[in-house]
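Fold and contact review
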Amino acid sequence: MSTRTERADATRGELLRVARELFGARGYAAVGTEEIVERAGVTRGALYHHFDGKKSLFRALYEQLEEQLVTDIAGLIGSRAGDPLELLRAGLSAFLDVCTDPEFSRIALLDAPTVLGWATWREIAERYGLGLIDAALSAGMDAGLLRRQPTGPLALLLGGALDEAALQIGNAADPVAARGELEPALFSLLDGLRVPARPDGPTTQPQPHPPPQQPPP
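To keep things clear, this report deals only with the structure shown in the data block. (Residues numbered from 1 in each chain as written. Predicted model: local features only at pLDDT ≥ 70, side-chain atom pairs only at ≥ 80, totals over all residues. Heavy atoms only, no water.)

1. So, the overall build of the protein
This is how it is decided: Put simply, DSSP marks the helices as runs of H or I at least four residues long and the strands as runs of E at least two long, and each gets a number from the N terminus on. Only C-alpha atoms enter the radius of gyration, while the globule expectation follows 2.2 Å times N to the 0.38, with N the number of residues. Per-residue accessibility, obtained with a 1.4 Å probe over protein chains only, is compared with the maximum for each type, and a residue is labelled buried under 20%, exposed over 50%, and partly exposed between these values.
For the protein, the helix and strand inventory stands at nine helices and zero strands. Seen in sequence order, the protein has helices and strands lined up from the N terminus as α-α-α-α-α-α-α-α-α. The C-alpha radius of gyration computed for the protein amounts to 25 Å, which surpasses the reference 17 Å derived for 217 residues by more than 25%, pointing to a less compact arrangement than a globule. Going through the 217 residues of the protein one by one, you find that 38% of them count as buried.

Have a look at this one:
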């Protein structure tokens, strides 16, 4: 890699770092490009060389957060032993944990749907997270733990449920409490996809026959 390319990558990375710090602390609307370039130690021209403007910088930052989130959750799942369904539950739990982080919440859950528009926000979230959900569902079906069905529509629906849970947490007065209420509901959705357990035997115990009646004397 040439020195020029290294400098360009470093400049872009610094702009994203500063944007994350400022947008995460105060929100998109309260931060101007002048403050961003001053804090990053670059010129306005450098900002517009890498991004079309503040909105373009914000979009790149949101994509970076989504990519990092999926990478972290995939790494968490890959580092654990257990059946695929339990690993999927661990991934969902980790996702909900991230949603309670104030910086992530402000950027990805409060500002991104408004700044980028609902359709773009959903498209980016699905582009990074849908494949991981689909793979986890497939693993659960291959292991015989989840009912066999097309994973594509199911992943879309589960992803939509995760998006709604994330928005509820991000907009809650008490994100941690909201997270605690939503996790059991999400797990209930997963439990509804399980392969029904086979009964080990009769559900009721056999009743003893009554003793024969003695004829009256």
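Resuming the write-up.
2. Digging into the packing of helix H8 (residues 151-170) against helix H9 (residues 175-191)
Using the following cut-off: All axes are obtained by fitting lines to C-alpha atoms, using only the stretch in contact for helices, and the reported angles, taken between N-to-C directions, cover 0 to 180 degrees. For this classification, under 35 degrees means roughly parallel, over 145 means roughly antiparallel, 65 to 115 means roughly perpendicular, and everything else is oblique. By the definition used in this description, the sense in which the near helix is turned from the far one sets the handedness, with an anticlockwise turn below a right angle giving left-handed and a clockwise turn giving right-handed. When checking whether two residues touch, look at their non-hydrogen atoms; a contact exists if any pair is within 4.5 Å. Residues are grouped as follows: Ala, Val, Leu, Ile, Met, Phe, Trp, Tyr, Cys and Pro are nonpolar; Asp, Glu, Lys and Arg are charged; every other residue, Gly included, is polar.
Two elements in contact, H8 and H9, have axes whose closest approach is 9 Å; the angle formed by their N-to-C orientations is 165°. In terms of their interaxial angle, H8 and H9 are classed as roughly antiparallel. The handedness of the crossing between H8 and H9 comes out as right-handed. Residues Leu 158, Ala 161, Leu 162, Ala 165, Gln 168 and Ile 169 of H8 touch H9, and the partners they reach there are Pro 175, Ala 178, Arg 179, Leu 182, Leu 186, Leu 189 and Leu 190. Class assignment of the residues belonging to the contact of H8 with H9 gives a composition of 11 nonpolar, one polar and one charged.

3. Describing the pattern of salt bridges
The test is simple: What counts as a salt bridge is simple: a side-chain nitrogen of Lys or Arg found within 4 Å of a carboxyl oxygen of Asp or Glu.
One pass over the full model with this rule turns up 19 salt bridges. One salt bridge in this structure joins Asp 191 and Arg 194, with 3.2 Å as the shortest N-O distance. The class of Asp 191 is partly exposed, set by a relative accessible area of 34%. Arg 194 gets classed as partly exposed once you look at its relative accessible area, which sits at 31%. By sharing partners, the salt bridges in this structure join Glu 14, Arg 17, Glu 21, Arg 26, Glu 35 and Arg 39 into a single network.

4. Let's talk about helix H1 (residues 3-26)
The cut-off we apply is this: Multiplying 1.5 Å by the residue count of a helix minus one yields the expected span of that helix.
Helix length check: H1 (24 residues) gives 34 Å between terminal C-alpha atoms against 34 Å at 1.5 Å per residue, within 8%. If you check which residues of H1 are buried, you get Leu 15, Leu 16, Val 18, Ala 19, Leu 22, Phe 23 and Gly 24. Once H1 ends, the next one or two residues include Gly 27, with phi positive near 95°.

5. Digging into the packing of helix H5 (residues 84-99) against H9
Helix-helix packing is characterised by the crossing angle of the two axes and by the distance between the axes. Close contact between H5 and H9 brings their axes to 11 Å; oriented N to C, the two are set at 155°. Here H5 is positioned roughly antiparallel relative to H9, judged by the angle of their axes. Two packed elements cross with a definite hand, and for H5 against H9 that hand is right-handed. Contacts between H5 and H9 involve Leu 88, Arg 89, Leu 92, Ser 93, Leu 96 and Asp 97 on the former and, on the latter, Arg 179, Glu 183, Leu 186, Phe 187, Leu 190 and Asp 191.

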